[in-house]
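Residue-level structure breakdown
Residues per chain, in single letters:
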Amino acid sequence: MKPTLLLLAAGMGSRYGGLKQLDGLGPNGETIMDYSIYDAIQAGFGKIVWVIRKDFEQDFREKILSKYEGHVPCELVFQGIDSLPEGFSVPEGREKPWGTNHAVLMAMSAIKEPFCVINCDDFYNRDCFKVIGKFLSELPEGSKNTYAMVGFRVGNTLSENGTVARGICSKDENGNLTTVVERTEIERHGSEIQYKDEQGEWVTVDDNTPVSMNVWGFTPDYFEYSEAYFREFLSDPKNMQNLKSEYFIPLMVNKLINDKTATVKVLDTTSKWFGVTYSADRPSVVAKIQSLVDEGVYPEKLF
């Protein structure tokens, strides 16, 4: 069974400003996600599912979905602030949905096969999709509790225009993930890459340290765990009182690892990430994509 690609496209780009998911950066107005989808199809993915906000469905269908007709089966699911389990309601004053793993949950009815979750506004490069596609397609039928994460080398994921947030990963002797800790301020200082810890101190990490760029490989049992743990998350008063609390993918993954319910293989990739974290990143991303087209890595027009 061919794996499915699940794209998280519901968030506004707060640091970038506007819907960067729909920003045309390629020579014919291609978006970053167009390149991800092109690479995923080349890597053997058989279906594309997007999580979006209901209020930009029409714009999304006109600008995005229309170009894939005839190329790959597509489906939309919707993340809203009120997409909650029975018995729970939105706290007064909350303005945003509940984070990345909440977004994943929205696809529960649409995905019945192994799947890969990615951000739609990150340019991951082709090797990333080959690596995760191979892992998912080689899983025995009916597999459960055996997941994967593509571990980008942190030195391949930085912005020249400010700090970035990355999940710093640790793994055991078998290459399985042991922890993923979100670090919200990572940048290069001279020859060293450093992140700011909880005490505000800068900590140096090796250039090849694996980091999560939200490229996860799961089987459908992950939805069941996520649904159950979301109820626990919402039942914790501090998560309801904090109007910005979020149910992140690493939160769920760490629980499954710590409970010894699942393993998460850390897959290495030589891919160099780039993306539009800040508006100042945009010109360099346009130039990098054009360079890949000029080199023949991508055709002038993708679809």
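Residues numbered from 1 in each chain as written. Predicted model: local features only at pLDDT ≥ 70, side-chain atom pairs only at ≥ 80, totals over all residues. Heavy atoms only, no water.

With respect to helix H8 (residues 282–294)
For H8, with 13 residues, the first-to-last C-alpha span of 18 Å sits near the 18 Å given by 1.5 Å per residue. All of the buried residues in H8 are Val285, Ile289, Leu292 and Val293. The arc that holds every buried residue of H8, seen down its axis, measures 105 degrees, which confines them to one face. Of the exposed residues in H8, those oriented more than 90 degrees away from the buried face are Pro283 and Asp294. Packing partners of the buried residues in H8 comprise helix H1 (32–42), strand E5 (122–123) and strand E13 (274–275). (Helix = DSSP H or I, 4+ residues; strand = E, 2+ residues; numbered from the N terminus. Expected span 1.5 Å × (residues − 1). Buried < 20%, exposed > 50% of the residue type's maximum accessible area, 1.4 Å probe, protein only. Arc of directions from axis to C-beta. Contact = heavy atoms within 4.5 Å.)

A closer look at the packing of aromatic side chains
All told, the structure shown has 23 aromatic pairs when counted by the stated rule. Seen in terms of ring centroids, Phe230 and Phe233 are 6.2 Å apart; in terms of plane orientation they differ by 25 degrees. Their pairing is stacked. Of the two residues, Phe230 and Phe233 are both situated in helix H5 (residues 221–235); the distance of three residues between them amounts to about one turn of the helix. Across this residue pair, the class does not change: Phe230 and Phe233 are buried. Centroid distance Phe233 to Tyr247: 5.4 Å. Interplanar angle 35 degrees. Geometry classified as tilted. With Phe233 in helix H5 and Tyr247 in the loop between helix H6 (237–241) and helix H7 (249–258), the pair connects residues that are 14 residues apart, well separated along the chain. For the pair formed by Phe233 and Tyr247, the shared burial category is buried. An aromatic cluster is built from Tyr35, Tyr38, Trp50, Phe56, Phe60, Tyr68, Phe123, Phe274, Tyr298 and Phe303, whose rings are joined through pairwise contacts. The ring of Phe78 has Lys54 lying over it, and the distance from NZ or CZ to the ring centre is 4.2 Å. Taking NZ or CZ as reference, Arg94 lies 3.7 Å from the ring centre of Trp98, over its face. (Phe/Tyr/Trp six-rings, centres within 6.5 Å; stacked < 30°, edge-to-face > 60°. Lys NZ or Arg CZ within 6 Å of the ring centre and 35° of its normal.)

A look at the nonpolar core
Counting residues in hydrophobic clusters, the biggest one holds 58 residues, and the most contacted among them are Leu5, Trp50 and Phe60. When residues no more than four places from it in sequence are discounted, the contact partners of Leu5 are Ser36, Ile37, Ala40, Phe45, Lys47, Ile48, Val49, Cys116, Ile118 and Phe129. With 38 residues, the next largest nonpolar core counts Leu6, Val117, Cys169 and Ala262 among its residues. (Core = buried A, V, L, I, M, F, W, Y, C linked by side-chain atoms within 4.5 Å.)

Examining the environment of Pro140
Turning to its location among the elements, Pro140 is positioned in the loop between helix H4 (126–137) and strand E6 (146–153). Overall, Pro140 belongs to the exposed group, its relative accessible area being 56%. Sequence separation between Pro140 and Met1 is 139 residues, and the spatial gap between their C-alpha atoms is 9.8 Å.

Quick look at unusual backbone geometry
Positive phi is not limited to glycine here, since Asn145 has a value of about 65 degrees. The residue Asn145 is located in the loop between H4 and E6 in this model. Assessed through its relative accessible area of 23%, Asn145 is described here as partly exposed. A positive phi angle is found at Lys260, which is not glycine, with a value near 60 degrees. Tracing the backbone through its elements, the reader meets Lys260 in the loop between H7 and strand E12 (263–268). Given the relative accessible area of 75%, Lys260 is considered exposed.

Some words on H5
Helix length check: H5 (15 residues) gives 22 Å between terminal C-alpha atoms against 21 Å at 1.5 Å per residue, within 8%. All of the buried residues along H5 are Asp221, Tyr222, Phe223, Ser226, Tyr229, Phe230, Phe233 and Leu234. On its buried side, H5 packs onto helix H3 (100–105), strand E4 (115–119), E6, strand E11 (210–218), H6 and H7.

Examining the pattern of salt bridges
Scanning all chains against the criterion turns up 13 salt bridges. The residue Arg126 makes a salt bridge to Asp39 at a minimum N-O spacing of 2.8 Å. With a gap of 87 residues between them, Arg126 in helix H4 and Asp39 in helix H1 connect regions that are remote in the sequence. Exposure remark for Arg126: the relative accessible area of 22% places this residue in the partly exposed category. Among the salt bridges present, the one from Glu198 reaches Arg183, with a minimum N-O distance of 3.1 Å. Here Arg183 lies in strand E8 (residues 177–189) and Glu198 lies in the loop between strand E9 (192–196) and strand E10 (202–205), a separation of 15 residues in the sequence. The class for Glu198 is exposed, based on a relative accessible area of 61%. A single salt-bridge network, built from bridges that share partners, covers Lys54, Glu57 and Arg61. (Salt bridge = Lys/Arg side-chain N within 4 Å of Asp/Glu carboxyl O.)

Structural notes on the confidence of the model for the protein chain
In the predicted model, the protein chain carries a mean pLDDT of 90, and 96% of its residues have values of at least 70. Here residues 12–17 is a poorly scored stretch, pLDDT under 50, and it has 14 contacts once near neighbours within four places are set aside; other chains count. (pLDDT = per-residue confidence, 0-100.)

A closer look at the state of the cysteines
For the structure shown, the criterion picks out zero disulfides. Here Cys116 stays unpaired: no disulfide links it, and the sulfur of Cys128, its closest cysteine neighbor, is 6.4 Å away. (Disulfide = S-S within 2.5 Å.)

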